[in-house]
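Coordinate inspection notes
Below are the chains, spelled out letter by letter.
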Amino acid sequence: MSVLEVAELARRDHWRPGARHVRRVLPHLDGAARSLKESESRAIVVFSGLPSPEVNAELVVNGRRLGCVDLLFRLWMLVLEYEGRQHAETPQQFGIDIARYAGFRDENVAYLQITNEMLQQPRALVLRVHHMLVDRGYAGAAPIFGARWRSLFEPIAARSNLRAVS
């Protein structure tokens, strides 16, 4: 479903369990996302105060198409790729991924392969992304692990200060 379709369903069928909660998270969704883990990776980064990466962005460097990457910090040429099991299920996909990562190295594109295990330690993941950004010239604020960050890990019902989107 698209973000618009999710919003319409929550509006139309407001009686459904979770509809109110869905409306609260809609502003944080990106319609270009292709997986839940990719969205989780992006939310962890963005809710820490780091810049928002492009989602499923085409990456072309020096006229060479390197592919569509999960999350891209274009200014710093840093790619975040969620590595799910599907990347190792077939020899073809495994070979495609290896070739793509070789292309990143050839073109001096930094990348971080994110695993589910890394998502289990979100603070450490954000600190690693921040370190990589700084190494590539990022001079912005460091991550902030305050109330906004903590809200990612709390049940929505407990967040009374979030207003529903009508």
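Residues numbered from 1 in each chain as written. Predicted model: local features only at pLDDT ≥ 70, side-chain atom pairs only at ≥ 80, totals over all residues. Heavy atoms only, no water.

**Here's the deal with the side chain of H130**
Looking at where H130 falls in the secondary structure, it is placed in helix α6 (residues 122–135). Classification of H130 as buried rests on a relative accessible area of 16%. In this structure, H130 is in contact with L50, Y138, A141, A142 and P143, ignoring residues within four places of it in sequence. (Helix = DSSP H or I, 4+ residues; strand = E, 2+ residues; numbered from the N terminus. Buried < 20%, exposed > 50% of the residue type's maximum accessible area, 1.4 Å probe, protein only. Contact = heavy atoms within 4.5 Å.)

**Points about the pattern of salt bridges**
Summed over the entire model, instances satisfying the criterion amount to six salt bridges. As a salt-bridge pair, R64 and D106 come within 3.4 Å of each other at their nearest N and O atoms. Residue R64 is found in strand β2 (residues 64–73), and its partner D106 is found in helix α4 (residues 91–106); the two are separated by 42 residues along the sequence. Of the charged contacts, one joins E81 and R100 as a salt bridge, the two residues approaching to 2.8 Å between their closest N and O atoms. Taken together, the positions of E81 in strand β3 (residues 78–82) and R100 in helix α4 put the pair 19 residues apart, joining distant regions of the chain. A relative accessible area of 1% means that E81 is categorised as buried. Judged by its relative accessible area of 14%, R100 falls in the buried class. (Salt bridge = Lys/Arg side-chain N within 4 Å of Asp/Glu carboxyl O.)

**Examining the packing of aromatic side chains**
Tallied over the entire structure, the rule returns six aromatic pairs. With 5.3 Å between their ring centres and 85° between their planes, W76 and Y138 make a pair best called edge-to-face. A residue pair is termed long-range when its members are at least 10 positions apart, and W76 in the loop between β2 and β3 and Y138 in the loop between α6 and α7 (147–151) qualify at 62 residues. Y138 carries the same exposure label as W76, and that label is buried. With a centroid separation of 4.9 Å and an interplanar angle of 80°, the aromatic rings of F145 and W149 are classed as edge-to-face. For the pair shown, F145 and W149 are each scored as buried. Note that R148 overlies the ring of F47, its terminal NZ or CZ placed 4.3 Å from the centroid. (Phe/Tyr/Trp six-rings, centres within 6.5 Å; stacked < 30°, edge-to-face > 60°. Lys NZ or Arg CZ within 6 Å of the ring centre and 35° of its normal.)

**Section: the sheet that holds strand β1 (residues 54–61)**
Taken in spatial order, the four strands make up an open sheet running β1-β2-β3-β4, and their pairing is mixed. One side of each edge strand has no neighbouring strand; the edge strands of this open sheet are β1 and β4 (110–114). Taken over all neighbouring pairs, the strand axes of this sheet differ in orientation by 40° on average, direction set aside. Pairing between β2 and β3: three bridges, direction antiparallel. Looking at the pairing, L71 lines up with L80 of β3. Against the sheet, helix α3 (residues 36–46) touches β1, β2, β3 and β4, its axis set at about 60° to β2. In the packing of α6 onto the sheet, the strands contacted are β2, β3 and β4, and the crossing angle to β4 comes to about 170°. (Pairing = 2+ DSSP bridges. Axes fitted to C-alpha atoms, helices over the stretch in contact; angles between N-to-C directions.)

**Quick notes on the side chain of S151**
Secondary-structure assignment places S151 in helix α7. Judged by its relative accessible area of 15%, S151 falls in the buried class. Polar side-chain contacts of S151 include one of 2.5 Å to the backbone oxygen of R148. (Polar contact = N/O pair within 3.5 Å; in protein donor to acceptor, adjacent residues only side chain to side chain.)

**Focus on the pairing of β4**
Covered by surrounding structure in β4 are A110, L112 and I114 only, the residues Y111 and Q113 on the alternate face being uncovered. Pairing geometry for β3 and β4, over five bridges, is parallel. Bridge assignment links V79 to a residue of β4, and that residue is Y111.

**Details of α4**
Taking 1.5 Å of rise per residue, 16 residues should cover 22 Å, and α4 covers 22 Å from first to last C-alpha, within 8% of that figure. When we look at burial in α4, the residues that qualify are D97, R100, Y101, G103 and F104. All buried residues of α4 fall inside an arc of 150° around its axis, so they share one side. Exposed and facing more than 90 degrees away from the buried side of α4 are P91, Q92 and D106. Buried residues along α4 sit against β1, β2, β3 and β4. At the C-terminal side of α4, N108 shows a positive phi close to 60°. (Expected span 1.5 Å × (residues − 1). Arc of directions from axis to C-beta.)

Worth remembering: the numbers are spatial, not functional.
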